[in-house]
Amino acid sequence: METNQLQDLSAYHQLVSDFFKWPASKEEWEQYRLTDDQVNFFQEHGYLAGIKFLEEWQVDQLNHDLIRMMDPNLPDHTLFHQFFSNASTDPDSVLFHALGAWRITPGFHDILWNPAFVMAASQLLGNRAVRFWHDQLFCKPAKHGGVVAWHQDYSYWTRTIPMQHLTCWVALDDATTENGCMYYVPKSHNWGLLQKPELAGEMEGLMEFLTEEQNAAFHPVPIELKKGYGTFHHPLLVHGSYENRSDRSRRAFVLNMFADGTVSDTEQTLMPGTPAIPKGESISGQFFPLLIDPETELAV
């Protein structure tokens, strides 16, 4: 399938290229299974880092696609749910942010069905069937890449209930403290739902909403990653990333998901450009595909 073909790949709910090989048996799935220690670490700390998702050739292909998709003049952009050449409130500090890349190129489509991703996601959601929520591209150019303010993902997703969500962040460049890697606040997923700040606004905007105890426990840890590696984090885990002042870019994609059975809590559209799902109905359909059902896949 050609990457320059203007076709909405959200119509396909399976691999459309040879980017990955879908396991054919329970035994083939086992190589992707997280250990009990990894699952326990996630439950205690709210995140799990250092998981390899991509080979170098796959990273190269995705970066090739990404450079093309960042061009705001491409006709493909009608398929993005949102597209911001700069989502930052500071015009001198750039944060490229877009939602909907899975609809545009086979590589960004097929990362939704990466066996290493879907297997781990199911485990971290309690061995549940996993449904896609939305993707994100985050790019911080060298020298002037902007911040992503401290936040909790679910504070932007309350139109979907119950809270049974999960986020996966994957580096397309080596992510370091110098070029704006992710920071997590361990165990902050136990703090409950906080007020939401402006995502690309002031880095410390969330702090005014924290209690004295939460401020005292606010000890962010940097999550440095080699390209092709990623993390999972809980929907209430506080996280963010500082600006990129290095001479290297910091590119990444994010896959957000929820356990199958999550319902719409609004009569409005859940994502721009998609049909509304009536309040109280389970979320499904073209734009929210099922990624894995362990009862089906692991019973083979």
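Residues numbered from 1 in each chain as written. Predicted model: local features only at pLDDT ≥ 70, side-chain atom pairs only at ≥ 80, totals over all residues. Heavy atoms only, no water.

## Brief notes about the overall build of the chain
When its secondary structure is counted, the chain shows 7 helices and 14 strands. In terms of overall size, the chain behaves like a compact globule, its C-alpha atoms giving a radius of gyration of 18 Å where 300 residues would be expected to give roughly 19 Å. Taking all 300 residues of the chain together, 55% fall into the buried category. Long-range pairs, those at least 24 residues apart, make up 81% of the contacts in the chain between residues at least 6 apart in sequence. Here the chain displays about 12,800 Å² of accessible surface, and carbon together with sulfur accounts for 49% of that area. Here the chain carries 20 positive and 39 negative side-chain charges, and the mean point of each set is 1 Å from the other. (Helix = DSSP H or I, 4+ residues; strand = E, 2+ residues; numbered from the N terminus. Rg over C-alpha atoms; globule rule 2.2 N^0.38 Å. Buried < 20%, exposed > 50% of the residue type's maximum accessible area, 1.4 Å probe, protein only. Contact = heavy atoms within 4.5 Å. Areas by Shrake-Rupley, 256 points an atom, 1.4 Å probe, with all protein chains shown as cover. Lys, Arg positive; Asp, Glu negative; His and termini not counted. Charge placed at Lys NZ, Arg CZ, Asp CG, Glu CD.)

## Considerations on unusual backbone geometry
Peptide bonds are trans in most cases, and residues, glycine excluded, mostly fall at negative phi. For the peptide bond that leads from Ile 161 to Pro 162, omega is -10°, which places it in the cis range. Tracing the sequence through the fold places Pro 162 in the loop between strand 6 (160-161) and strand 7 (165-171).

## Describing the sheet that holds strand 8 (residues 182-184)
Sheet strands pair via backbone hydrogen bonds, and the direction of the pair is either parallel or antiparallel. Pairing is antiparallel in the open sheet, where 4 strands are placed in the order 5-11-8-9. With partners counted over all chains shown, the strands left at the sheet margins are strand 5 (148-151) and strand 9 (221-223), one partner each. With direction set aside, neighbouring strand axes in the sheet form an average angle of 30°. (Pairing = 2+ DSSP bridges. Axes fitted to C-alpha atoms, helices over the stretch in contact; angles between N-to-C directions.)

## Quick notes on the packing of aromatic side chains
Given two aromatic rings, one states the distance between the centres and the angle between the planes to describe the pair. As enumerated under the stated definition, the model contains 18 aromatic pairs in all. Measuring from ring centre to ring centre gives 5.6 Å for Trp 133 and Phe 258, while their planes differ by 40°; the resulting arrangement is tilted. Taken as a pair, Trp 133 in strand 4 (residues 130-140) and Phe 258 in strand 12 (residues 250-259) lie far apart in primary sequence, 125 residues in all. Side by side, Trp 133 and Phe 258 carry an identical accessibility label, which is buried. Through a chain of ring-to-ring contacts, the aromatic side chains of Trp 150, Tyr 183, Trp 191, Phe 218 and Tyr 242 assemble into a single cluster. (Phe/Tyr/Trp six-rings, centres within 6.5 Å; stacked < 30°, edge-to-face > 60°.)

## So, the pattern of salt bridges
Oppositely charged side chains can form a pair if their charged atoms are brought close together. Enumeration over the complete set of coordinates arrives at 9 salt bridges. Of the charged contacts, one joins Lys 227 and Glu 56 as a salt bridge, the two residues approaching to 3.9 Å between their closest N and O atoms. Taken as a pair, Lys 227 in the loop between strand 9 and strand 10 (229-233) and Glu 56 in helix 3 (residues 56-69) lie far apart in primary sequence, 171 residues in all. Among the residues examined, Glu 56 registers a relative accessible area of 53% and is labelled exposed. The salt bridge involving Asp 173 is made with Arg 251; its shortest N-O contact spans 2.8 Å. With Asp 173 in the loop between strand 7 and strand 8 and Arg 251 in strand 12, this pair connects stretches of sequence that are 78 residues apart. Here Asp 173 falls in the buried class, since its relative accessible area comes to 11%. What makes Arg 251 buried here is its relative accessible area of 18%. (Salt bridge = Lys/Arg side-chain N within 4 Å of Asp/Glu carboxyl O.)

## Re the environment of His 165
The residue His 165 is located in strand 7 in this model. Put simply, His 165 and Lys 279 are 114 residues apart on the chain and 18 Å apart in space, counted from C-alpha to C-alpha. Residues contacting His 165, with those up to four places away along its chain left out, are Leu 125, Trp 133, Tyr 154, Trp 157, Thr 160, Pro 235, Met 257, Phe 258 and Thr 262. Of note is the side chain of His 165, whose polar atom sits 2.8 Å from the side chain of Thr 160. (Polar contact = N/O pair within 3.5 Å; in protein donor to acceptor, adjacent residues only side chain to side chain.)

## Some remarks on helix 2 (residues 36-45)
When helix 2 is considered as a whole, its buried residues turn out to be Val 39, Phe 42 and His 45. An end-on view of helix 2 places all buried positions within 150° of arc, on one side of the element. Facing away from the buried side of helix 2 by over 90 degrees, the exposed positions are Asp 36, Asp 37 and Gln 43. Those residues of helix 2 that are buried are in contact with strand 1 (47-52), helix 5 (115-124), strand 7 and strand 10. Of the residues one or two after helix 2, Gly 46 is the one with positive phi, at around 90°. (Arc of directions from axis to C-beta.)

## Structural notes on the pairing of strand 7
Burial within strand 7 is extensive, with 7 of its 7 residues counted as buried. Burial of the side chains of strand 7 extends over both faces: His 165, Thr 167, Trp 169 and Ala 171 are buried on one face and Leu 166, Cys 168 and Val 170 on the other. Across 7 bridges, strand 7 lies against strand 12 in antiparallel orientation. Looking across to strand 12, one finds that Thr 167 is bridged to Asn 256. One ladder, built from 4 bridges, connects strand 7 with strand 10; its direction is antiparallel. Paired with Thr 167 across the two strands is His 233, which belongs to strand 10.

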